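Chain residues, written in single-letter form:
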Amino acid sequence: RAIGTTGVETPVDIEVNSADEAAGDFAYITIGDERQKVDGSTHRRGYNFAVLEPRTGRLVQKAAFDTAASAYEAQKMAEFLADVPAGYIVVGAVRGRGADRLTDEAVQALRSIGSGVDPRQQPAWSHALIGVKGAPAGSAAEVWQAGQSWLRVGSNPDARTLSAALDWAELR
């Protein structure tokens, strides 16, 4: 349940899926396990965020910013992340071209939750991250690449027990 190298563990399962335009153009954030899932994404173009209370994992806020459209949206994203309380878990997923209009302030805001990349270097790439407000840059669990980015932090979703019964076996 460790969130990257932040030193924080999540009390709930978190799954993040991000896809660029060529790989499906989506952003999904799922909080919880098979018995109780919460949709943490607004599924809008650009950066989608879910903010979780660190003790319980309760979703306290979700928002999206069309950072492909305008620097104004990037500024709103930076302000949103600046207002997240220290220690809270922040989950992010990009839908489509999320870095086209990112500003220096927006990149610094991503670093404030543990991101270690500057998405402006490849603005069309997917980006999935699970970080903690106030964590050092580069400490978040993060995937940033062309195509699809996927992350999961939490328990193993496969609860089946595994076993084998053999009557006879020969190894050569």
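Each value, and the rule that gives it
- Residues numbered from 1 in each chain as written.
- Predicted model: local features only at pLDDT ≥ 70, side-chain atom pairs only at ≥ 80, totals over all residues.
- Heavy atoms only, no water.
- Helix = DSSP H or I, 4+ residues; strand = E, 2+ residues; numbered from the N terminus.
- Contact = heavy atoms within 4.5 Å.
- Areas by Shrake-Rupley, 256 points an atom, 1.4 Å probe, with all protein chains shown as cover.
- Lys, Arg positive; Asp, Glu negative; His and termini not counted.
- Charge placed at Lys NZ, Arg CZ, Asp CG, Glu CD.
- Phe/Tyr/Trp six-rings, centres within 6.5 Å; stacked < 30°, edge-to-face > 60°.
- Buried < 20%, exposed > 50% of the residue type's maximum accessible area, 1.4 Å probe, protein only.
- Polar contact = N/O pair within 3.5 Å; in protein donor to acceptor, adjacent residues only side chain to side chain.
- Axes fitted to C-alpha atoms, helices over the stretch in contact; angles between N-to-C directions.
- Parallel < 35°, antiparallel > 145°, perpendicular 65-115°, else oblique.
- Left-handed = near helix turned anticlockwise from the far one by under 90°.
- Nonpolar A, V, L, I, M, F, W, Y, C, P; charged D, E, K, R; others polar.

**Q** In this structure, what is going on with the overall build of the protein? I would like to understand it.
**A** A tally of helices and strands in the protein yields two helices and nine strands. When the elements of the protein are put in sequence order from the N terminus, they spell out β-β-β-β-β-α-β-α-β-β-β. For the protein, the proportion of contacts with a sequence separation of at least 24, taken over those separated by at least 6, is 55%. Split by element, the accessible area of the protein, about 8,900 Å² in all, is 48% carbon and sulfur. Taking the average place of the 18 positive charges on the side chains of the protein and the average place of its 22 negative ones, the gap between the two points comes to 3 Å.

**Q** What is the right way to look at the packing of aromatic side chains in this model?
**A** In this description, an aromatic ring pair is defined by two values, namely the gap between the centres and the angle between the planes. Applying the stated rule across the entire model yields six aromatic pairs. Where Y47 meets F49, the ring centres are 5.8 Å apart and the plane angle is 10 degrees; that geometry is what we call stacked. The burial state of Y47 is the same as that of F49; both residues are buried. Taking the centre distance of 6.2 Å and the plane angle of 35 degrees together, the rings of F49 and F80 count as tilted. Placement of F49 in strand β4 (residues 46–52) and of F80 in helix α1 (residues 71–82) is noted, with a sequence separation of 31 residues between them. The burial state of F49 is the same as that of F80; both residues are buried. Through successive ring pairs, a cluster of aromatic residues spans Y47, F49, F65 and F80.

**Q** Honestly, the side chain of N17 in this entry has me stumped. Any pointers?
**A** Residue placement: N17 occurs in strand β1 (residues 14–19). The class of N17 is buried, set by a relative accessible area of 12%. Within the structure, N17 has its side chain in polar contact with the side chain of W150 (distance 3.5 Å). Aside from chain neighbours lying at most four places away, what touches N17 is F26, A27, Y28, A93, Q148, S149 and W150.

**Q** Looking at this model, I keep getting lost on the packing of α1 against helix α2 (residues 104–111). Mind explaining?
**A** If you want to describe how two helices pack, look at the angle between their axes and the distance between the axes. Two elements in contact, α1 and α2, have axes whose closest approach is 8 Å; the angle formed by their N-to-C orientations is 30 degrees. Taken together, the axes of α1 and α2 lie roughly parallel to each other. Seen from above, α1 lies across α2 with left-handed handedness. Side by side, α1 and α2 meet where A74, Q75, M77, A78 and L81 of the first sit next to E105, A106, A109 and L110 of the second. For the contact of α1 with α2, the residue count by class is seven nonpolar, one polar and one charged.

Purely geometric numbers; function is a separate question.
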